[in-house]
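Commentary on secondary and tertiary structure
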Amino acid sequence: MADTIRPYSEIDYLVADRIATITLSRPDQLNAFTHVMRDELIDAFDRADSDDDVRAVVVTGRGRAFCAGADLSAGSDTFNADRRQRSGTARTIDGVPRDGGGQVSLRVAASLKPVIAAINGPAVGVGVTMTLPMDIRLAADDAKFGFVFSRRGLVMEAASSWFLPRVVGISQALEWVATGRVFDAAEALRGGLVARTYSADELLPAAYALAREIADNTSAVAVATSRQLMWRMLGADSPWEAHRLDSRGIYVLGQAPDVAEGVSAFLEKRLPRFPMRISTDLPDLGPQWPEPPGYLT
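Please read all numbers here as calculations on a predicted model, not as lab measurements.

Each value, and the rule that gives it
Residues numbered from 1 in each chain as written. Predicted model: local features only at pLDDT ≥ 70, side-chain atom pairs only at ≥ 80, totals over all residues. Heavy atoms only, no water. Axes fitted to C-alpha atoms, helices over the stretch in contact; angles between N-to-C directions. Helix = DSSP H or I, 4+ residues; strand = E, 2+ residues; numbered from the N terminus. Parallel < 35°, antiparallel > 145°, perpendicular 65-115°, else oblique. Contact = heavy atoms within 4.5 Å. Nonpolar A, V, L, I, M, F, W, Y, C, P; charged D, E, K, R; others polar. Polar contact = N/O pair within 3.5 Å; in protein donor to acceptor, adjacent residues only side chain to side chain. Expected span 1.5 Å × (residues − 1). Buried < 20%, exposed > 50% of the residue type's maximum accessible area, 1.4 Å probe, protein only. Pairing = 2+ DSSP bridges.

This paragraph deals with the packing of helix α8 (residues 220-233) against helix α9 (residues 239-253). For the pair α8 and α9, interaxial distance at closest approach is 11 Å and the crossing angle is 170°. On the basis of their axis angle, the class for α8 and α9 is roughly antiparallel. Counting all contacts with α8, which are made through Val 221, Leu 229, Arg 232 and Met 233, the residues of α9 involved are Glu 241, Ala 242, Leu 245, Asp 246 and Leu 253. Split by residue class, the contact of α8 with α9 holds six nonpolar, no polar and three charged.

In structure tokens, the structure reads:
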């Protein structure tokens, strides 16, 4: 049963059973990405983070596509910022307009809730790069993928030059980007882009089962903190930095109510009832990752 519905024009946002579902919803345009969709996705992740009743986020697409990439209705000027009017929450970085896909990817990366992509169909360009900072990618077995930028004369976007090699390794990342080819879910699975594939009718149930496993069994604060630590450590210089932050986290949370409840529930052979909330009880392990640079305007 749905708990919360928030109206948007290009996505749908639904909360039920402590799981937020964000659905890209331009099915007649194969859910092509626009400035409106960018702003709505950022807002939806803000809402999910601020709602302590949300324990996990599932992102999927309406209709037969996940997201076919950028909306190309402006033709050859689609990516020409000087000829197109800036809109919405566009900002600049290093003196140029910020890439819209990157704004979404960095907001997903900063999520305090685990994010599961349920890729139900074609995911091309920004349609696939926006999923890279999502924690777990599941796909329909007939989904298609493509990092097609080189075939459009464009560089990678959505901070994917940082995320993609860390997700699949540099060699596989360069093969997909240099060829710009569209490939199937089986290749995505072999290359480590997705964790598992399912038939179309099994995909969302599998994503929800995984989200419920998180919601029913884990501490929201522990998951949020561990998620931040793992992503942050991908850029650390040494495992000593992980040891430093792990030690502080264990010291702080070891005295906290969730650990007492988790240990008690395990010893008493019952499901835990963790009392701590992300909105008030996150431990201070330094700036939230990814920390914006000083030159951002």
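Here we take up the side chain of Ser 25. Along the chain, Ser 25 falls in the loop between β3 (19-24) and α1 (35-50). Looking at Ser 25, its side chain comes within polar contact range of the side chain of Asp 12, at 3.5 Å. Among the polar contacts made by the side chain of Ser 25, one reaches the side chain of Arg 62 at a distance of 3.1 Å. In contact with Ser 25, other than residues within four places in its own chain, are Ser 9, Glu 10, Ile 11, Asp 12, Asn 31 and Arg 62.

Bringing α9 into the picture now. Three- or four-residue spacings in an α-helix give side chains the same orientation, since the helix completes a turn every 3.6 residues. Between its first and last C-alpha, α9 extends 21 Å over 15 residues, near the 21 Å set by a 1.5 Å rise per residue. Of the surrounding secondary structure, the elements contacted by the buried residues of α9 are α8 and α10 (257-267).

This brings us to the pairing of strand β9 (residues 136-140). Across the five residues of β9, four count as buried, placing the element largely inside the fold. Examined bridge by bridge, strand β7 (residues 115-119) and β9 share four bridges and lie parallel to one another. Paired with Ala 118 across the bridge in β9 is Leu 138. Bridging between β9 and strand β12 (residues 196-198) involves three bridges; their strand directions are parallel. What sits directly across from Ala 139, in β12, is Thr 197.

A separate point is the environment of Arg 248. Tracing the backbone through its elements, the reader meets Arg 248 in helix α9. On a C-alpha basis, the gap between Arg 248 and Phe 266 in space is 24 Å, while along the polypeptide they are 18 residues apart. Ignoring any residue separated from it by four or fewer positions in sequence, one finds Arg 248 in contact with Asp 284 and Leu 285. Here the side chain of Arg 248 touches Asp 284 through a polar contact of 3.0 Å, landing on its backbone oxygen.

Strand order in the open sheet formed by three strands is β8-β10-β11, and the pairing between neighbours is mixed. With one partner strand each, in any of the chains shown, β8 (123-124) and β11 (182-184) form the two edges of the open sheet. Where strand β10 (residues 144-146) meets β11, three bridges bridge the pair, whose relative direction is antiparallel. Its bridge partner being in β11, Phe 145 is matched across the sheet by Phe 183.

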